[in-house]
Structure formats: C-alpha cells, structure tokens
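Single-letter residue listing:
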Amino acid sequence: MSDTYTQIVNAPLVSSLASSLGLPRPVELDRFSAGEPVVNGPVLTGAAPDGSLRLSISRILDSIAAERAGTEGPVKALVFDATGISDSGQLVELQKFFYPGVSRLGPSGRAIVLGTPPASTGAVRAHTAQRALEGFVRSLGKEIGARGSTTQLVYVEPGAETEIDSTLRFLLSPRSAYVSGQVIRVGKAVTATPELDWDRPLGGLTALVTGASRGIGESIAATLARDGATVVGLDIPAAGSDLDAVTSRLGGRSIALDITAEGAPAAIASQLPEGVDVIVHNAGVTLDRTIAKMPEERWTRLMEINLSSEERINDEILARGLLRPNGRIVCVSSMSGIAGNSGQTNYATSKAGVIGMVEAMAPEMAKRKGTINAVAPGFIETRMTAAMPFGPREVGRRLSSLSQGGKPVDVAEAIAWFASPASTGVNGNTIRVCGQNLLGA
Ligand SMILES: NC(=O)c1ccc[n+]([C@@H]2O[C@H](COP(=O)([O-])OP(=O)(O)OC[C@H]3O[C@@H](n4cnc5c(N)ncnc54)[C@H](O)[C@@H]3O)[C@@H](O)[C@H]2O)c1
C-alpha cells in the first residue's frame, strides 16, 4: 500500500517546507535483497572494560567479512559490548563510545548494545547497571530513528556467548529494517547449533505457515521459501485458490482448512506424517467492538482463531512427536496485545495470550530441544490497515521512531530469524516489529 504522506513530504519542492515546519520526513529504509552482504558498510565496535563478548563479536564480523571502521568517516553499524559494566558509575562507557560514534552513523544504520541479563549478574550493583541499558537503548532509538536507523539491546546469558551469530547477523542486516528499541534475550543453546549455509539456513526443512494465502502470511511463506524451506501453507477453504497460487509459486503445498474446525489439529498432523521443523501461527482476525457492544459469539470466534486453536495444534503436534529436533514454533502476537486498544478487548486479549503461551511453553520447548518465540507487529501496510479510516491510519504510521508503517516482509524476516536452525539460544522472546512505536513501549 502506498504511503502518500511520505511521498509528499519528500517531494523536491515540499521537503524543505516540511522540515522547516518540523514535520516528520520518513526516509526509505534499506531492505534486504538476495546476494547482498550482511552489513553494507563499516562497523565500529567498542567495549566496556572486562566485557565477555569481544571475541564472539570479532569472530562474527570476520565470518560476514564486515569492514571495520577506522577512527573517522561514516559507519553503518555501532556495536558495543556492555557486559563488563557492573556498576552505575561505569555506564559512562556508553557515553564515551556513542558520543563520537553516533554522528558517524549513516542512514538505515544500526546501533547494537550487548549486555548481561540483569538477574543473571548475581549482584545488586551489576543488576542495576545492566537494567539501565534499556533506558539508553530506547532513547537512542528515538534519536536516530528519523534517519531510518535502529537500535537494540541484546542480553546474552553467561555461557551463551557463542550463540549470538544468527541474532547479530539479523540485527546488523537490512532484514531488521523495522525492528527497533527491542530487548532480545539469548540463552544457552537448546541443542547443538548445526553447520549452516547462511544463504539457505532452512534448506531441507519443512515449515507450516497458517494464513498463508495473503498479507503477512504470504510474505512469511515467501521468505521461508527463499531461505530454503519447503512451505506447507494453510488457509481457510474459501481462500483455497489464492493459497494454491502462493504455494505452487514457492514449490510448496497447501492445506485448505479452517483451524477452528472440529478435528483440525488431527487433520493438520495427518498432512505432516514425516514431521515438521517450523510452525508459524500467523492466521488471525480482528473483530473489533467495544466490550459494551461485544456479543459472546464475536468474542469466542476471535479467541478460537487467534489463540485456542494454536494451543490445540501445538498440543497435537507435540503429543504425536511431529516437531522435529531443533524445531521451532513462531507465533504472531500484536502491539495491541502489549499496549491494549479501544475496541479491541477481544483481539488484545488473544494476542496477550499468545505472549503468555510463548512464556509458558519456552521451558518445555527447551526440554524438547526446540524453541518458541513471537513477533508482535505494529502498524504493517496490509489490506487490514488499508481499511482503517484515514486519521487513525496516519497516526498509526507516524507514531513510530521511524515515522512510517512497516511492510509484511519486515515481520517475515523476524520470523525467519527465529526459525533459523542457528537460533538455538533464542527462546521465549516476544519481539516487536513496530519501528519502535510509542504505544505500549
Ligand atoms: N497487519 C497488521 O498491521 C498487523 C498488526 C499486528 C498483528 N497482525 C497479525 O498478523 C497476522 C496476519 O495479519 P494480516 O494483516 O496479514 O491479515 P490478513 O487478514 O490479510 O491475513 C490473515 C489470514 O489468516 C487466514 N485465516 C483467518 N481465519 C482463519 C482460520 N480460521 N483458519 C485458517 N486461516 C484463517 C485468513 O484467511 C487470511 O489469509 C494476524 O495474526 C494479525 O493479527 C497484523
């Protein structure tokens, strides 16, 4: 869907007027295309004394042949190892690195801070200082977003220093164009990380994607297929021909089924006799109405589609042992599930429930040597958001640090990062794909 506002304020004659009026002028975000390097420009690294990630960061930058920045000139990414900070007085190390560094950051730049999960520090002062990193990162995102740049905090569990490859690659690359201001937790691997072809990390694997006939689901299917997966797309029978068009284009196959139908979990399982590596619960609906005008049927229908059917499908697939080793469940929550939204008590309840399901299942998934995570999209340009009235639609777009809506592919790329066999230490996260929207932040 076109963003007319962005086109107008960036038009040659209007742009200087727009900037003198202080109107946001969203920049076009770099997005990934096949064959591009992970990071397209020099990377400046820094560390607080006694950091534990220096070697891992250096090894990963070598593995992607990243150019190292010198003492001056533009940079594409700033990476700071803050794991050595164990006292509030040492937080000034952030200022020492970013004060000279941030003005060198070009458009669609990346600023990544790596720390230790506060509760894992085992000391009050260190816990305090590590928790403080969140405030820094979230504010930095608001300062650099106007240039299309993003920032994240990655908390790395002690002992998981070697598990950050897939996360750092994702965050450095244009694949994370619309992810900003997020706190990501990387823990110890649930299973050994396999050797990987990073251009086709899902090669030889099968991925089930629900709601795959259009919108975000279609983009997820295409992105997972690009990464090598055989995609089994699922959608309601009424969307069968659109679904077939998507799956045949991607060399996959279709399941035309309503996930809320009686016996649906068993029917899905029977279509996956050899098992499945990745399950993406994307199918979802909005059935907006304030609670004062919400009939029970409307509440129940939505809850069945957005949450209860996902629980039943997970139970069935896991009970039959169909999720293969190093398997993935990836769910699609929503910013509404975090921030709440008037007229969406049913939707927000279901999407907050999805986050709860991820939290509750993560330990069990780790025991099964798999992971479960969720994305929570903000304002994404789809048919759903195109149908919104003009005012709320414009507000939805401009409320983010990047001053624009995201694209379905932005959600799909985050899902592909979770789905990667290398993301063995990424479990129990809900990551917003919202351009650091102000709502619920
Ligand atoms: N578009 C956004 O801005 C946005 C924001 C936050 C979250 N989301 C979430 O992202 C997901 C995809 O959203 P979208 O914008 O692409 O919506 P969409 O309506 O374009 O696609 C949803 C798909 O799910 C399918 N589906 C619905 N009910 C089903 C059922 N009972 N069984 C099987 N399939 C079913 C639909 O047929 C459709 O193909 C949803 O979970 C939605 O809640 C979207």
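Residues numbered from 1 in each chain as written. Predicted model: local features only at pLDDT ≥ 70, side-chain atom pairs only at ≥ 80, totals over all residues.

(A) Quick look at the pairing of strand E11 (residues 371–377). Counting buried positions over the seven residues of E11 gives seven, a clear majority of the element. Across the two faces of E11 the burial is the same, with Thr371, Asn373, Val375 and Pro377 and Ile372, Ala374 and Ala376 all buried. The sheet contact formed by strand E10 (residues 323–332) and E11 spans five bridges and is parallel. For Val332, the partnering residue across the bridge sits in E11 and is Val375. Of the strand pairs in this sheet, E11 and strand E12 (residues 430–433) are connected by four bridges, and their pairing is parallel. Counterpart to Val375 in the pairing with E12 is Ile431. (Buried ≥ 20, exposed ≤ 12 C-beta atoms within 10 Å, placed from the backbone. Helix = DSSP H or I, 4+ residues; strand = E, 2+ residues; numbered from the N terminus. Pairing = 2+ DSSP bridges.)

(B) Spotlight on the site of the ligand. The full set close to the ligand counts 27 residues, and Gly211, Gly215, Ile216, Gly284 and Ile380 are the nearest of them. Contributing elements (two or more residues each) for the shell around the ligand: helix H7 (215–226) and helix H13 (383–386). Across the shell around the ligand, the residue classes tally to 12 nonpolar, 11 polar and four charged. (Near = placed C-beta within 6 Å. Nonpolar A, V, L, I, M, F, W, Y, C, P; charged D, E, K, R; others polar.)

(C) Local environment of the pairing of E10. Summarising burial for E10: eight of the 10 residues are buried, a large majority. Inspection of the sheet shows strand E9 (residues 276–281) paired to E10 by five bridges, in the parallel sense. Across the sheet, the residue bridging to Val278 is Arg328, located in E10. In the classification by handedness, the crossover that spans E9, the intervening helix H10 (residues 296–319) and the parallel E10 is right-handed. (Right-handed = clockwise from strand over helix to strand, strands pointing away.)

(D) Up close: the environment of Ala362. As for its position among the elements, Ala362 is in helix H12 (residues 345–367). Residues Ala362 and Ile372, 10 residues apart in the sequence, show an inter-C-alpha distance of 5.7 Å. Excluding anything up to four places from it in sequence, Ala362 contacts Ile372, Asn427 and Gly428. (Contact = placed C-beta atoms within 7 Å.)

(E) Examining the sheet that holds strand E5 (residues 182–186) more closely. On the basis of which strands lie adjacent, the open sheet formed by five strands has the order E1-E2-E3-E4-E5 and parallel pairing. What marks the edges here is a single partner per strand, and that holds for strand E1 (43–47) and E5. Taking each pair of neighbouring strands and ignoring which way they run, the sheet shows an average axis angle of 20°. Taken together, the five bridges between strand E4 (residues 150–156) and E5 define a ladder with parallel strand orientation. Of the residues in E5, the one forming a bridge with Val156 is Val186. (Axes fitted to C-alpha atoms, helices over the stretch in contact; angles between N-to-C directions.)

(F) Focus on the sheet that holds E11. Strand order in the open sheet formed by seven strands is E8-E7-E6-E9-E10-E11-E12, with parallel pairing between adjacent strands. The open sheet is flanked by strand E8 (253–256) and E12, the only strands paired with a single partner. With strand direction ignored, the average angle separating the axes of adjacent strands in the sheet is 20°. Bridging between strand E6 (residues 206–210) and strand E7 (residues 230–235) involves five bridges; their strand directions are parallel. Bridge pairing links Thr206 to Thr230 in E7. The strands touched by H7 within the sheet are E6, E7 and E9, with E6 carrying the most contacts at an inclination of about 170°.

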